[in-house]
Structures are given as C-alpha cells and as structure tokens.
Amino acid sequence: MSKHPLEKWGSIMGGKNTRWVVVALWLIFAVALAFIFPQINSVENYAGEEIPESYTSVKAGQIIEEQFASDSGIPLLITWYKESGLTEQDLTNIQALYKDLAENPLQGQEVIPPFHEIPVQALMGSVSENGAAIVTPVFFSADETTEVFKENLSVLTEKTEAQFGENPYETNLEEDGLHARFSGPVGISVDATDLFKAADVQLMVATVVIILVILLVIYRSPILAIIPLVVVGIAFLVVSPLLGAMAENGWIDKDAQAVAIMVVLLFGAGTDYCLFLITRYRDILLTEENKFTALAVAVRESTGAIVMSGLTVVIGLATLGLADYGAFQRFAVPFSFGVLVTGFAVVTLLPAVLGILGRGAFWPFIPRTVDGDKAYALKKNKPVKPRKQNHRYMRMVGEFVTSKPWLVIGVTGVILIGLALNAPNIKYNYDLISSFPEDMQSREGFTIIEENFTAGELAPVQLLVDTQGKELDISAQLANLPYVGLVKDVRTGETNEAMQLYEIDLNKDPYSNAAMDDVEQMKTDVKTILADSNLTNGEFWIGGETSSQLDKKVVQLGDEKLIQPVMIIIIFVVLLVYLRAVITSIQLMVTVVISFFSALGAGWLIIHYGLGHEAMSSAIPLYSFVFIIALGNDYNIFMISDIWKNRKRGVPHKQAISNGIASTGAVITSAGLILAGTFLVLASLPIQLLVQFGIVTAVGVVLDTFVVRPLLVPALITVFGKWSYWPNKKI
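The structure displayed is predicted, hence computed values, not measured ones.

K.L.:
Where do I start with the pairing of strand β9 (residues 499–506) in this structure?
P.N.:
Moving residue by residue along a regular strand, the side chains alternate between the two faces of the sheet. Of all 8 residues that make up β9, 8 are buried, and the element is covered over most of its length. Neither face of β9 is left uncovered, since the one carrying Met499, Leu501, Glu503 and Asp505 and the one carrying Gln500, Tyr502, Ile504 and Leu506 both have all their residues buried. Strand direction decides the pairing type here: strand β6 (residues 461–466) and β9, joined by 6 bridges, are antiparallel. Across the sheet, residue Val461 finds its bridge partner in β9, namely Ile504. Pairing between strand β7 (residues 484–487) and β9: 3 bridges, direction antiparallel. Bridge pairing in β9 links Val484 to Leu506. The loop that links strand β8 (residues 491–492) with its antiparallel partner β9 comprises 6 residues.

Below is the structure:
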C-alpha cells in the first residue's frame, strides 16, 4: 500500500539520508540572506501619515503647508520651565540659541520663529501666565527621517549646553533651576523609535527565557526545551532580512511596533506548532521502534492540523492589509509572512532536527516501546517499570465533559458572558503620548505644557475657511460657541487671500474624548455660521491634534467594521473546507468571538482596576481581535482534527471526543501557557499600548486554552451529536 503524501514528506524531511541536507539548506539560506539584505530592525522606521488623505485633518495640514508656511513642517516643541519663574536672562539665552539656529540651521530645518529679532519684553508675552514656562518651536521638513531628527536633537543639546553653560534637558523636574524638554511630533517620534529599539532586544531575551523555563518545567528535558527555540530562531533569521529587503525596496513600510510584536508572535506560535509535532512523535515512539518510521507517521498525523492552524493565522493577520489606518496596515505583512515562514520551518526543519536527534531529543525521559523498555531494564539490571496510562488527567476531563455537557456549557457560558459584559464599559484613548512612560522627554515636555498653560493652548484647533473672495470674519461667532475658550486673530493665506485660518483654543483638554465630541459638533456649527454669512456652499477644513484624533477614531472604527466580519467569514470558510462540517465550523467561530469579548472585558478589569490605567488604547480591540480569533482557532483545529480521526476509525461519538481531548489536551495546555506567557512579556515593557495588548491577548489565550477548547467546544460537539459532522459523510 502506498504511503500517505504527508508520510512521504516526513520521510524526505527527516529521512536518514536527507535530514542533514535540510538543516544545511536552512542554515545556508539564513546566512546568505543576512549578508545580502539588511535586518528589518536596521531599516528606517516609517514616520508618515496614519490617516488617509481624504480626511479633514490631513487636508487641513496640506493647506496650512501651502498657505501658511510659518506653520508648516513637522514641529519640534522645546518646552522651557523654571518653577521660580523664567528670567530675562533665560529668554536672552533662548534668543541667542535661535539666532544660532537661524545662522547655522539643522539638517532639514525649514522654519523657526524669529525670536532673536524681537525685544526680550515682547518674548515675555509668550510666557505662561504663571511666568514659569515657554514653548519655542523648530519646524523640520516632513521628508526627513527619525534618525535625522535624533541627530538634530543631539546637535541642539550641544548648542543649548554651550549657550546656557549647562544641559537643561537632563535635569530632574523636581529640582530648582532651568529645565528644557523636547516634545511635539519630532520629540515623540524620536522617543517612540528609541523605546521600540530598546524593546526589541528585551523582548527577544525575555521571550526566549520564558519559553525555555515553561518547557523545562513541563517536559523536564533540556534538549526538547531548546529544539523549538532553535527552529523558530533560524526561521526568524530568514524572516528578518527578507522583511528588511521588502522595506528597503519600498514594498512595505517598517513599523518598529509591529516588529516588536512579531518577535513575540513567531516565538510563541512557532513553539506551539513545534510542540504539536514533537508530542505526536513522542507518542508514536512508544509503539514504533524505528525512529524514522515514527517520525514519518508523526508528520503525517500532525502536519495537516499544523498547516491549517498556520493558514488561519496567516489569513487572519493578512486581513489587516484591508485597513485604512496606517499602523494596522503595516502589521499585515510582517505578521502573516513571519508566521508563513515559521510554519514552513516547523514542517521542514523540525522533522530534520528530530530525525537527527531521534529518541535523544527527549532525554532523560526517553520514550521506548514495550520491548525497548524491557531491553533497557535488562541492560541496566533493573526491573521493568509499569507504564502509566497516557494522558490520564485530560482523559478524565474528556469523560466529564461528554457525560455532563449541559452543565459544562452553562458554567463556561456564565463565566465567558459575565466577563464579556465588561467590554461595553471600556474607555478608549487616541493619543500616542499617553502610552509613553511618564519620565520620557516628550511626555515630560507635554506635562510642562499641560500644567502651565490653559487647556486649549496645548493643541489649538485649526479651522480653515475658503471665503470664495468674500469679506468675512467669523471670529465673534466662533468665540460664542460653548466649547471655545479663545479665538486668535484671523490670518489669510500667503498666495490665496480667500483662505482664512482661525486658531481656536478649546476650553478643555484637547486630547480628551469630550474635545473630540466638540470638534465633531464644530463641523455642524461652522456650517451653520457660514450659511448665516451667505456662504451656503463654503468649504472648510478642521485641523490640529484634536481633529486628527477624531479622524483616527473614525478610521479605526471603520477598519474594525470591515476587518472583523471579513476575517470571521474567511476563517469560517477555511474551517468549513477543512472540517466539512457546517455546525461545528459555526460553533467554533461563535465560541472564539465570545472568548474575544470575554478577554476584552477581563483585560479591562485588570488594566483599569488592577493597573490604574484610565483608558485603553484605541488600537487594542482590533489588534487583540485578530490575534485571539486566529490563535484561538489554532487550538480548536488541532483538537477537532483528532476527534475527526477517531470518528473515521469507527470510535463512538462521545468516546471520540473524549479521546480527542485526552490526546491533545496536554500539548495544547502547554502551548497555551507558552503563548500566554510570551504575550505577557509585552506587559514588562514601558509602553502602555504594548502592556495593554499583551494583557488582553494573554487573557484571551488563557480563556481559549482552559475554558473554550477543553470544555465548551467539546461539550457543544457532544450536544449536537451526529449534526456536528454534517454534511461530512466520511465521519
């Protein structure tokens, strides 16, 4: 009888004459790519727009760049602060610094205010009302890279130190004296890049350590603990330069945040896939003496589930490419491509490594056949140890679930729905800087502005109005709006006098959700004001940080409404094709969606009440949805595949379910612990966004591992009986 194609594949990848060739090819490929292409972390980080050009905040920015050159470019905000009050000498030194910048501009410097050309007394008018702070901008070209910005900050620090006789950027804000901080978009960009660069190494080390520890604790085999790390590590050495080549050629935009999370994903999910094959190999070695035959059979029995599990993750993560929001879109290729290459390594490189090591991979707990145990005992002159029942604990779980399915459904349903009810109470924030540590330069600068200037001065709303050549000044009407604190003098365009710019200070924190609601209301109010001024069809655009955050909210919500159902439909189709069972495919999707909302609700309880975070980052729902849905179905596919195999062998319905839970329960539990542990590594970073993402995703993985997969899903399959397999006639 001819071998199954996957068994032939296993014989080729881990065969006696080919195993070394496969390992050598992977190593040669990894080394060659490292010499030919740059590593992804060495490529410049993307620093462009996150929002499509069609949105009002982006259009407003473009008009300002064209018509109001003094406000154009990317601003660096230097915040100066002295608790006892800024002196004329402090301002004189600032003027001297700006004179130096005017005479010796920094790379990419476009515009600076002429502070050095005005009297000190006039500059004093820009100081905060309490006399303690002033903000001075430097505008840079939008074409410059973050590396250039970073170098400019270094040069600026040297210039400041030479002028002031000290370095005010590295002082403790609690101490007396003059303090200065780099903030604004340039400062935030540099800080964000530095944070993620530091996070990469920390993440890699912490992820490897936690996987190693968990594997050693569970399997108590040092060689086995290292094998998945070696396989995934080699896969990463291939992925990194290939992504670097894509980014360098402009095919993708490199995102440091995406790369940081990709490291966690590859090592977590890759180790899981390795364990699926390794565990099956160990089980077969208990009945098959020939290690090569056992390996080929293990590959045949596990590769289908591994490929389908990986495929659901690849497809699920690739749906992020449909996003309009830039950061979401930049995650698609690194995630899906990384998992694709890692999955390929698991079904090629891992069998080769196992073919080389054989039973030695499991030392000191070598799996042997019954005859092998007897021979080993005779050789050591010891009695033969009686064999313990394999997977006995998970077998007990399987028997309980199949005997009391309605009880299991009721209890798990209460737990999951109870946690999910917290999800609607979540508050979201949309500003990047709130994710930064409080002692980061850009955030300290932001805090100085926040504490020493009125709320609206932090980030004025920029209203642009096309007057169509008519005489118009709507300052008074704008000032009468209930959410407006101050309207500055109207300005006209440099080349188009019909274009007007109104800078408006809101009477509340411009980064708050309430301010975003005000800007939404402003759109209606301005339309009414223009209509009353006989400009019924007058065009206007609203820019500034608050408008940008509002557009970000709209774009992200739109992406969620598109990507979430698309991902559900695509993965459902994949499950349907693989399982050929409609009811089971539907209930798998329903259970993982419920577990997502449960994870979101439970994560909010931890983040808000446990860690004291006031709000959750607006990106978390989509990020965590994609990961939890894709990775949750990983475990379901592996377990369901085993249940289906039992049914094809003629095993009764309930016994097949119990056997499936027993044979896959231990490895899936181990895999879930590893994956949850790796995502929790993100919680150790000083970046609030990654902390929150790590917690929510880890909670989702834990719920899938210990509640949904071993309890709820098999209980539902038990209840649906033969309909669980419909219309598959082979089961």
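K.L.:
How should a nonpolar patch on the surface be read in this particular structure?
P.N.:
Residues Val201, Val205, Val209, Val213, Val217, Ile218, Leu673, Val702 and Phe706 make up a contiguous nonpolar surface patch of roughly 730 Å² in combined accessible area. Only α7 (184–219) and α22 (688–720) provide two or more residues apiece to the nonpolar patch. For the nonpolar patch, the leading source of residues is α7, giving 6 residues. Within the fold, Phe706 resides in helix α22.

K.L.:
Would you mind going over the packing of helix α19 (residues 582–610) against α22 with me for this structure?
P.N.:
Any two packed helices are characterised by the angle at which their axes cross and by the distance between the axes. Where α19 meets α22, the axes come as close as 8 Å, and the angle between the chain directions of the two elements is 145°. Crossing hand, α19 versus α22: right-handed. Looking at the contact of α19 with α22, its residues break down into 18 nonpolar, 8 polar and 1 charged.

K.L.:
Would you mind going over helix α15 (residues 441–452) with me for this structure?
P.N.:
An α-helical turn contains 3.6 residues, so any two residues separated by three or four positions project in the same direction. With 12 residues, α15 ought to run about 16 Å at 1.5 Å a step, and its terminal C-alpha atoms sit 17 Å apart, in line with that. Residues of α15 that are buried: Ser442, Glu444, Gly445, Phe446, Ile448, Ile449 and Asn452.

K.L.:
Sorry, what's going on with the sheet that holds strand β1 (residues 74–81) here?
P.N.:
Note: strands within a sheet are paired through backbone hydrogen bonds, in either parallel or antiparallel orientation. Here 4 strands make up an open sheet; going across it, the order is β2-β3-β1-β4 and the pairing antiparallel. Only two strands of the sheet have a single neighbouring strand rather than two, namely β2 (109–111) and β4 (179–183). Averaged over all pairs of adjacent strands, the angle between their axes in this sheet comes to 35°, without regard to strand direction. With 8 bridges connecting them, β1 and strand β3 (residues 133–140) associate as antiparallel partners. Along β3, the bridge assignment pairs Pro75 with Phe139. Across the face of the sheet, helix α6 (residues 146–164) comes into contact with β1, β3 and β4 while running at roughly 30° to β1. Lying over the sheet, α15 contacts β1, β3 and β4, oriented at roughly 110° with respect to β4.

K.L.:
Just checking my understanding: could you explain the environment of Thr678 for this structure?
P.N.:
Along the chain, the position of Thr678 falls in helix α21 (residues 653–681). The buried category is assigned to Thr678, whose relative accessible area is 0%. Once the C-alpha coordinates of Thr678 and Ser54 are considered, the two residues, 624 residues apart in sequence, prove to be 39 Å apart.

K.L.:
Looking at this model, I keep getting lost on helix α10 (residues 291–318). Mind explaining?
P.N.:
With 28 residues, α10 should cover 40 Å at 1.5 Å per step; its first-to-last C-alpha distance of 38 Å lies within 8% of that length. Maximum bend of α10: about 40°, positioned at Ser302. Where α10 begins, one side-chain oxygen reaches toward the backbone nitrogen of Phe292, 2.8 Å away; that side chain belongs to Asn290.

K.L.:
How should I be thinking about the packing of aromatic side chains in this particular structure?
P.N.:
For any pair of aromatic rings, geometry is given as the distance between the ring centres together with the angle between the planes. What the rule picks out here adds up to 23 aromatic pairs. An angle of 50° between the planes, with centres 6.4 Å apart, marks the rings of Trp80 and Tyr169 as tilted. On the criterion of sequence distance, the pair formed by Trp80 in strand β1 and Tyr169 in the loop between α6 and β4 is long-range, its members being 89 residues apart. Classification of Tyr169 by relative accessible area gives buried; the value is 3%. Ring geometry for Phe331 and Phe335: centres 4.9 Å apart, planes at 75°, overall edge-to-face. Of the two residues, Phe331 and Phe335 are both situated in helix α11 (residues 326–357); the distance of 4 residues between them amounts to about one turn of the helix.

Rules used throughout
Residues numbered from 1 in each chain as written. Predicted model: local features only at pLDDT ≥ 70, side-chain atom pairs only at ≥ 80, totals over all residues. Heavy atoms only, no water. Buried < 20%, exposed > 50% of the residue type's maximum accessible area, 1.4 Å probe, protein only. Helix = DSSP H or I, 4+ residues; strand = E, 2+ residues; numbered from the N terminus. Pairing = 2+ DSSP bridges. Patch = residues over 30% accessible without salt bridge, like charges linked within 9 Å, V, L, I, M, F, W, Y side chains within 5 Å. Areas by Shrake-Rupley, 256 points an atom, 1.4 Å probe, with all protein chains shown as cover. Salt bridge = Lys/Arg side-chain N within 4 Å of Asp/Glu carboxyl O. Axes fitted to C-alpha atoms, helices over the stretch in contact; angles between N-to-C directions. Left-handed = near helix turned anticlockwise from the far one by under 90°. Nonpolar A, V, L, I, M, F, W, Y, C, P; charged D, E, K, R; others polar. Expected span 1.5 Å × (residues − 1). Contact = heavy atoms within 4.5 Å. Bend = angle between axes of the 7 residues up to and from the residue. Polar contact = N/O pair within 3.5 Å; in protein donor to acceptor, adjacent residues only side chain to side chain. Phe/Tyr/Trp six-rings, centres within 6.5 Å; stacked < 30°, edge-to-face > 60°.

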